[in-house]
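A structural walkthrough
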Amino acid sequence: MKLVIKITGKFFDMEGDKSSLLSSIKELIGLGHRVALVTGGGGIARRYIDLGRTLGLNEASLDLLGIWVSRLNALLMAMAMQDLAYPKVPESLEQFMEFWAHGKVTVTGGFQPGQSTAAVSALVAEAISADYLLIITTVDGVYSADPKRNPNAKLLPKVTTLELKNILESSQSVRAGTYELLDPMAMKIIERSKIKVMVMGLSKIGSIDRILKGEETATIVEPV
Ligand code: U5P
């Protein structure tokens, strides 16, 4: 299968061992899958965006700061994967396709202002006709409300893109650095190409089959 894995930038902020992601990707490759990895910008991107705001930078420039941080995270992962990954980080979808054609894991951060790396992951999934887009977050999937703020929030095993839009609309903005799970551009691409999306925690990367059978907690997004 062709898999696009979008890893939250928060992964790079968290303390602890980063090698579990690498071993999960190696395992997937060992099983014969092809993998593209998209890295978010995380806390460092937000820090630069905040600094830029205090200096009066416009939204496009702030987005560019976020993009460069996400590319730094991508470079870190590409370097850590050594021979398994293409050694350069693409700066556009066209460059991504060029690097992807070499047959290795291609690791990318952002492309252009006005979106988040979730949109990048949707664009990449569309362009390579991926079987699944796996969105890795710090929680187990999509909740009915923010589980960190609302103790009654419930994990949704299945959600349509329409339901997801309603959940996200109440909690998101489109300013630089403030996108949460999926930005509007990502939703549009997922809908227009009916991309199969799963939202999950890091430890579930290797469990696609079990998630599909409902044996593992995660959220399957159904495009409508
Ligand atoms: N960003 C873009 N375009 C991209 C990817 C990221 O403008 O293609 C900027 C946004 O400001 C985003 C920040 O909030 O970089 C960090 O990416 P993310 O971690 O929010 O996905």
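Residues numbered from 1 in each chain as written. Predicted model: local features only at pLDDT ≥ 70, side-chain atom pairs only at ≥ 80, totals over all residues. Heavy atoms only, no water.

1. Observations regarding the UniProt feature "binding site: ATP" (unreviewed entry) in the chain
Under the local residue numbering, the UniProt record ascribes the feature "binding site: ATP" (unreviewed entry) to Lys6, Ile7, Thr8, Gly9, Lys10, Gly42, Arg46, Thr137, Tyr143 and Asp146. A stretch of 141 residues holds the annotated residues, and the largest C-alpha distance among them is 23.4 Å, long enough that they do not meet in one place. As for its placement among the helices and strands, Lys10 is situated in helix H1 (residues 10-13). Examined against the element boundaries, Tyr143 turns out to sit in the loop between strand S4 (132-137) and strand S5 (158-160). Judged by relative accessible area, which is 18%, Tyr143 ranks as buried. Those residues in contact with Tyr143 that lie beyond four places of it in its chain are Ala153, Lys154, Leu155, Leu156 and Ile167. (UniProt positions renumbered as here; feature names shortened; annotations may be inferred. Helix = DSSP H or I, 4+ residues; strand = E, 2+ residues; numbered from the N terminus. Buried < 20%, exposed > 50% of the residue type's maximum accessible area, 1.4 Å probe, protein only. Contact = heavy atoms within 4.5 Å.)

2. Focus: the site of the ligand
Near the ligand there are 20 residues, and of these Gly41, Arg46, Asp63, Gln112 and Thr117 occur at the shortest range. In the environment of the ligand, an oxygen atom lies 2.5 Å from a nitrogen or oxygen atom belonging to the side chain of Asp63. In the complex, the protein chains occlude 97% of the 440 Å² of accessible area that the ligand would expose alone. Of all the secondary structure elements, the ones that give two or more residues to the shell around the ligand are helix H3 (42-54), helix H4 (59-80) and helix H6 (117-127). In terms of residue class, the shell around the ligand is built from 7 nonpolar, 11 polar and 2 charged. (Near = heavy atom within 4 Å. Polar contact = N/O pair within 3.5 Å; in protein donor to acceptor, adjacent residues only side chain to side chain. Areas by Shrake-Rupley, 256 points an atom, 1.4 Å probe, with all protein chains shown as cover. Nonpolar A, V, L, I, M, F, W, Y, C, P; charged D, E, K, R; others polar.)

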